[in-house]
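A look at the structure
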Amino acid sequence: MRITGTVISADGAWPLQGVTVVVVGSTIGTVTSMEGRYEITVPAIAKKLRFSYIGYKTVEVEIANRTVIDVEMEEEAIEVKEVTVTALGIMRAEKATGYAIQSVKGEELARTPELNIVNSLQGRISGAIITNTSGAVGASTRIVLRGVNSLSTDNQPLFVVDGVVLNNTNFGGTYTEGVNRGSGIADINPNDIESVTVLKGPNAAALYGSRAANGVIIIKTRSADTDKRFGVSFNSTTTFERPLRLPDFQNVYGQGTNGQFEFYDGKGGGINDHVDESWGPKLDIGLMIPQWNSPVVGGVRQPTPWVSHPDNVKNFFELGKTFSNNIAIESAADNYAVRFSYTNSMQTGMIPNTDQEKNSVNLNATASPYKFLAFTANATYINTYSKNLPAYGYSGQNVMQQFMWFGRQVDVADLKQYTYPDGSKRNWNYSYHNNPYFTLYENLNGIDRDRLLGQATSTIKFTDWLSLKTGIGVDYYTNYNNARSAYGDIESPYGFLSESKRTFREVNTDFMFMINKSFTEKLAFSFNLGGNRMEQFTQSLSAYITELSVPDVYTFENAKVPVVTMNYITKKRINSLYFNGQFIWKNALFFDFTGRNDWSSTLPAGNNSYFYPSVNVSAVLTDLFDIQSRKLSFAKLRAGWAQVGADTDPYQLQPVYRFDDGWNSGTKLAQIYIPNDLPNPNLKPQRTNSFEIGADLRFFMNRLAFDLTYYSQSTYDQIIRMPISATTGYTSTIVNAGQIDNRGVELSVNGIPVKTRSGFEWNVGVNFSRNVNKVRKLAEGLDQYVLGGYWSLDVLAIPGEPFGVLYGYDFMRNDEGKVIHIDGLPLQGDIKKLGNYTPDWVAGVTNSVRYKNLTFSALVDARWGGEIYSMTNTWGRYAGVLKETLKGREGGIVGVGVMPDGQGRWTENDVVVSAEEYNKAAYNNNIAYSSIFDASFVKLREVQIGYTIPKLGKSSIRNISISLVGRNLAILYARVPHIDPETAFSNSNVQGLEFGQHPTARSIGVNLSFKF
């Protein structure tokens, strides 16, 4: 039988396009046209049609032999029906939560996909500071919610994927040099994500235990659509990457110093041919000078034109390519649903010969053989492989380093052939640098990681109000890293080989009794009582050799020196009992309470048990007082208090003997020693107290919505490593000390300024947050805590200051603050506070427009305040490669400041010095002030334009979507020169430092998806 009809909004304002119309109990379906019309052929046994559309209440209509069925659909009040995932996977109506929760749907993230899901959250979550360390393949990303809480941990939130706690440890950190091999969250496949829910503070995350003090990010993967019997979906994304920003180089002067250069052997045999600076002769004026690639005739290197190559660094980078293809198959019936997904992602980096490939398989299944019994199981397997990832920081293995210490006349393209026919190395400098192509093709840094995430649960329903849920979840991986350097490397002339393998396993076993009971029509109650055992095991095996016997044979049997080996095993266990409950009055007033007690194996027996509670209350005023208004659609107030405890790493309580090579390591005799950290058998758990209040207000039938939160939290009894006198036999000890406070505001605004009956709709979303962070105190007698440092600058925690003070040398100044010069050159002054890496506020603005089947969206985000220490600026100025060093090349420089007049007074400096002298005095590793910059930025983060075809003719192919996508497209505002201010060496607490940045990537491509 053929049925036709029209679907319109309940107020008759406009027809609804794209409404899904299905025959209940079958896979037969269609969607409405632009005019809201539909046509569907149904079998004789069909009983009902279901009409569903986002933002409207689902409608089911009896067919009753009718051939024309018109339907009106009511807008759905989001606050009534929308549910969200809270702690331990407990589903709650959004209006029933007493704390701030923010969610992002997988469809929104899929518009402009990122291989690392955390990058996709930039600008979308208020209160989140997200830093992508670089645009290189495999780079890690840091996310912090509501500010830094801890001196000793990385301050990142706990990640939970389908109920499984995911270990987010780095697979290879950089600190200020090394290879960034990413972190655990990058293993999650974005194609499989259904939603991301952010529990921002302890109030929301109290039930997750010790690791949730910094918030929780809950990721739910896709499951089968229970309306389908069988379905297939396909998604493919192809993007191309180019550097977003490179330094502005000067192209007027070439290699050398004091205006002189002539190449002989690149080791000092010629005139300044060993230097890696560009204070040499002027380019493009007809000079003929022997150079590194000049022909040799009769043993003499011939002069060749001394000319510039303005794009020599730009052209070094290749077109990066990312290909991601996903196919998912799902099937469902009345008592089961299964979804299987496979994704292959291949990424070729902008830096030559860098790559990464991922293969991911996801299985999600549910079954309910009886009304009282249900099972769920999900498993994800990921393999990540790379033959080479780039190195970072001040290292000969970082190819970006030599572009700061460089001869600007060098034709980089001519370096691609990095050996001569006799096998000797071909390079522009033989004193300090490798040929960059030699580094990338011979000195490799690989990874090979296998990871399995999985959980199985069962739920037994004893009565209408009592159920028991049990489950076990596993996160298991083996990660293999390798690194090698070839013979002739500038840092390892006889080669180098390193291999390491880390095995990690965490098993969480849970049970939870669930009670849901209504006492009267107005009063309802829910209560959950459960327990958890977490067992964690880590084993690491590594070995390295610093010299090879035979070149290019990378085995430990080929060692010319003793092999250095390391092996360690750690174990940790936490037993927990917890409860949470909620009283509900008139479905409008909600009172929540939680409590959890942990017993941790890493704390001493007398202090290893710690309890922490939380309470929250929320009132939906529009329901409580029966407010019926088209202007005020919804109003909720909420408040909450929580405490969270935290433990520490294993083996901090008692001395642990270790083995190491003796002083005469050539004998291969190991010696037993005790590390320099003095353990503390009296440690107690770290604590975080948090308070928050908020309001959720929505107007004009949800056309305008505000969500405002104020929070205040304090973390004390921190477990830190404190320096002590070496006369004790140790250099540091583990203590409970320190307090860090955070308070701030978060605001989310969503609006629909325009919505017409013709199908045009404009949505705007704004996220804003400001966090005020302060280190209240440290241990007694400790006036500063060193988090890390770089050259002459330290990153500190200082009482009374925000976390992450940048502390280094300023210029010497007189009482008026003017820079003091002697013989025309500025002097180094005192060490002092030069800035702080913590931003003042962050924000994001999303605009999305839909007109019929056409969609457009753009995201702009900003980070305001904070400072960054850029060694790219320091060494680029010192070496004369940056554009600013052109000033004074001809006539010299007179530094701004004062000089002594010989009679005890100051006079304006008027001494002329060369540009080379001045830059080397003002920009060096001793005077950090000259390279401190405001790290504020505004970025065009994301743009997408797409078109959707609801159905392809009479075929079963539907929801065909093709989109042009762009990520990280432009820096609209920045104060720091030459680099992208959104950068870091790693995702640790040590932020605000930069050198030889791998440029962030501007990504442009296309996304195609469809279903059948």
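Every chain is numbered on its own, with residues counted from 1 as its sequence reads. It should be noted that, the model being predicted, local features are given only for residues of pLDDT at least 70 and side-chain atom pairs only at 80 or more, the latter also being counted only at that level, while totals for whole chains, interfaces and linings use all residues. Processing note: side-chain calculations cover all non-hydrogen atoms of the structure and skip hydrogens and water entirely.

1. A closer look at the overall build of the protein chain
- Starting at the N terminus, helices and strands are each numbered in turn, a helix being any DSSP run of H or I of at least four residues and a strand any DSSP run of E of at least two. Check the secondary structure of the protein chain and you find eight helices and 60 strands.
- This radius of gyration counts C-alpha atoms alone. The globule rule is 2.2 Å times how many residues there are, raised to the power 0.38. For a compact globule of 1012 residues, the expected C-alpha radius of gyration is about 31 Å, and the protein chain comes in at 32 Å, within 12% of that figure.
- For the C-alpha atoms alone, the extent of the protein chain along its principal axes is close to 100 × 70 × 70 Å.
- Only protein chains enter the area calculation, which uses a 1.4 Å probe; residues under 20% of their type maximum are buried, those over 50% are exposed, and those in between are partly exposed. Every one of the 1012 residues in the protein chain was classed for burial, and the buried ones make up 54%.
- Only heavy atoms enter the contact rule, under which two residues are in contact if any of them lie within 4.5 Å. Within the protein chain, contacts between residues separated by at least 24 positions form 68% of all contacts whose residues are at least 6 apart in sequence.
- Note that accessible areas follow from Shrake-Rupley with a 1.4 Å probe, and for residues the cover is restricted to the protein chains shown. Only carbon and sulfur atoms are counted for the fraction: they give 56% of the accessible area of the protein chain, which is about 42,700 Å².
- Positive charges come from Lys and Arg, negative ones from Asp and Glu, while His and the chain ends are left out of the count. Charged side chains are reduced to one point each, which is NZ for Lys, CZ for Arg, CG for Asp and CD for Glu. Positive and negative side-chain charges of the protein chain, numbering 94 and 96 respectively, have mean locations separated by a distance of 7 Å.

2. Section: empty space enclosed by the protein
- Residues are called lining when one of their atoms sits within 4 Å of a cavity or pocket point, these points coming from a 1 Å grid over the protein atoms alone, where a cavity is a set in which a 1.4 Å probe fits but cannot get out and a pocket is an open set with protein on both sides within 12 Å along at least five of seven lines. Grid points are joined across faces, edges and corners, and a volume is the space filled by probe spheres set on the points. Using the criterion set out here, one finds 11 cavities of 30 Å³ or more in the structure.
- Of the pockets and cavities examined, the largest cavity occupies roughly 300 Å³.
- Forming the boundary of the largest cavity are 21 residues, of which I129, Y837, P839, R863 and Q991 lie nearest the centre.
- Elements with a minimum of two residues in the lining of the largest cavity: strand 11 (128–132), strand 12 (141–145), strand 44 (760–777) and strand 53 (867–870).

3. Digging into the sheet that holds strand 4 (residues 37–41)
- Here the rule is simple: two strands pair whenever DSSP picks up at least two bridges between them. Pairing is mixed across the open sheet formed by three strands, whose spatial order is 4-1-7. A single partner strand is all that each edge strand has here, and the edge strands are strand 4 and strand 7 (71–73). In this sheet, adjacent strand axes meet at a mean angle of 30 degrees when their direction is disregarded.
- Pairing of strand 1 (residues 2–9) with strand 4, which is carried by five bridges, proceeds in the antiparallel orientation. Each residue of the ladder has a partner; that of R2, found in strand 4, is T41. Axes, fitted as lines to C-alpha atoms, cover a helix only where it is in contact. Angles between the N-to-C directions of the axes lie from 0 to 180 degrees.

4. Some remarks on the pairing of strand 52 (residues 854–864)
- Bridge count between strand 51 (residues 841–851) and strand 52: 11 bridges; the pairing is antiparallel. Within strand 52, the position partnered with S848 by the bridge is S857.
- The antiparallel pairing of strand 51 with strand 52 creates a hairpin that spans two residues between the two strands, and K852 there sits at a positive phi of about 55 degrees.
- As defined by bridge partners, strand 52 adjoins strand 57 (residues 937–951) across 10 bridges and the pair is classed as antiparallel. Across the sheet, F856 pairs through a bridge with I945, a residue of strand 57.

5. Overview of the side chain of T538
- For T538, the location among the structural elements is in strand 31 (residues 523–545).
- The buried category is assigned to T538, whose relative accessible area is 12%.
- Excluding anything up to four places from it in sequence, T538 contacts R502, T503, F504, Y568, I569 and T570.

6. Thoughts on the pairing of strand 25 (residues 355–370)
- Of the strand pairs in this sheet, strand 24 (residues 336–348) and strand 25 are connected by 13 bridges, and their pairing is antiparallel. Bridging across to strand 25, F340 finds its partner in L363.
- Two successive antiparallel strands, strand 24 and strand 25, enclose a turn made up of six residues, where N353 displays a positive phi of approximately 60 degrees.

7. Describing the side chain of S732
- Mapped onto the secondary structure, S732 falls in strand 42 (residues 732–736).
- Two N or O atoms count as a polar contact when they lie within 3.5 Å, although within protein this holds only if one can serve as hydrogen donor and the other as acceptor, and sequence-adjacent residues are included solely when both atoms are side-chain atoms. A polar side-chain atom of S732 sits 2.3 Å from a polar atom in the side chain of D677.

8. Comments concerning the nonpolar core
- In terms of nonpolar packing, the biggest core is built from 66 residues, with F403, L793 and F803 touching the most fellow members.
- Put simply, the parts of the chain that give this core at least two residues each are helix 4 (399–402), helix 5 (436–442), strand 41 (719–723), strand 45 (785–790), strand 46 (793–797) and helix 7 (871–878). Working definition of a nonpolar core: buried Ala, Val, Leu, Ile, Met, Phe, Trp, Tyr and Cys residues. They are joined through side-chain atoms within 4.5 Å.

9. Observations regarding the pattern of salt bridges
- Salt bridges are defined by distance alone: a side-chain nitrogen of Lys or Arg within 4 Å of a carboxyl oxygen of Asp or Glu. Enumeration according to the criterion identifies 43 salt bridges in this entry.
- D475 serves as the salt-bridge partner of R451, at 2.8 Å between the closest nitrogen and oxygen. Taken as a pair, R451 in strand 28 (residues 445–461) and D475 in strand 29 (residues 466–487) lie far apart in primary sequence, 24 residues in all.
- Here R451 falls in the buried class, since its relative accessible area comes to 1%.
- Note on D475: relative accessible area 0%, which makes it buried.
- For R596, the salt bridge goes to D598, with nearest N and O atoms at 2.9 Å. Like D598, R596 is buried.

10. Let's talk about helix 7
- Counting buried residues along helix 7, seven of its eight residues qualify, which places the element largely inside the surrounding structure.
- Listing the buried residues of helix 7 in full gives M871, T872, N873, T874, W875, G876 and R877.
- Taken together, the buried residues of helix 7 touch strand 45, strand 53, helix 8 (915–922), strand 56 (932–934) and strand 59 (993–994).
- Phi turns positive one or two residues past the end of helix 7, at G880, with a value near 75 degrees.

11. Here we look at the environment of K939
- Tracing the backbone through its elements, the reader meets K939 in strand 57.
- Taking relative accessible area as the criterion, K939 reaches 1% and is therefore assigned buried.
- Separated by 112 residues in the primary sequence, K939 and L827 place their C-alpha atoms 37 Å from one another.
- In this structure K939 touches L244, L859, V860, D861, N968, A970, I971, L972, D980 and E982, once residues within four positions along its chain are discounted.

12. Considering unusual backbone geometry
- Unusually for a residue other than glycine, M701 sits at a positive phi of about 55 degrees.
- Mapped onto the fold, M701 is located in the loop between strand 39 (686–699) and strand 40 (704–716).
- For D823, which is not a glycine, the phi torsion comes out positive at approximately 55 degrees.
- Examined against the element boundaries, D823 turns out to sit in the loop between strand 48 (821–822) and strand 49 (825–826).

13. A short note on the sheet that holds strand 45
- Overall, antiparallel pairing links the four strands, which are arranged 45-46-47-50 in an open sheet. Of all strands in the sheet, those with a lone pairing partner are strand 45 and strand 50 (828–836), marking the two edges. When strand polarity is set aside, the average angle formed by the axes of neighbouring strands in this sheet is 30 degrees.
- Of the pairings in the sheet, the one linking strand 45 to strand 46 comprises five bridges and is antiparallel in character. The residue of strand 46 that forms the bridge with G789 is D794.

14. Let's talk about the confidence of the model for the protein chain
- Residues at a pLDDT of 70 or more form 96% of the protein chain, whose mean pLDDT is 90.
- Low pLDDT, under 50, characterises residues 77–81; the stretch is placed with nine contacts to residues that sit more than four places away or in other chains. For every residue, the predictor assigns a confidence score, pLDDT, that lies between 0 and 100.

15. Thoughts on the packing of aromatic side chains
- We call Phe, Tyr and Trp rings a pair once their centres come within 6.5 Å, taking the six-membered ring for Trp, and we label the pair stacked below 30 degrees between planes, edge-to-face above 60, and tilted otherwise. In this structure the tally under the stated criterion is 43 aromatic pairs.
- A ring pair is formed by Y394 and W875, whose centres lie 6.4 Å apart and whose planes are at 55 degrees; its orientation type is tilted. Taken together, the residues span a long stretch of sequence, with Y394 in the loop between strand 27 (391–393) and helix 4 and W875 in helix 7 at a distance of 481 residues.
- Look at F768 and W841: their rings are 5.7 Å apart centre to centre, the planes differ by 40 degrees, and that puts the pair in the tilted class. Of this pair, F768 sits in strand 44 while W841 sits in strand 51, placing them 73 residues apart in sequence.
- Overall, F768 belongs to the partly exposed group, its relative accessible area being 29%.

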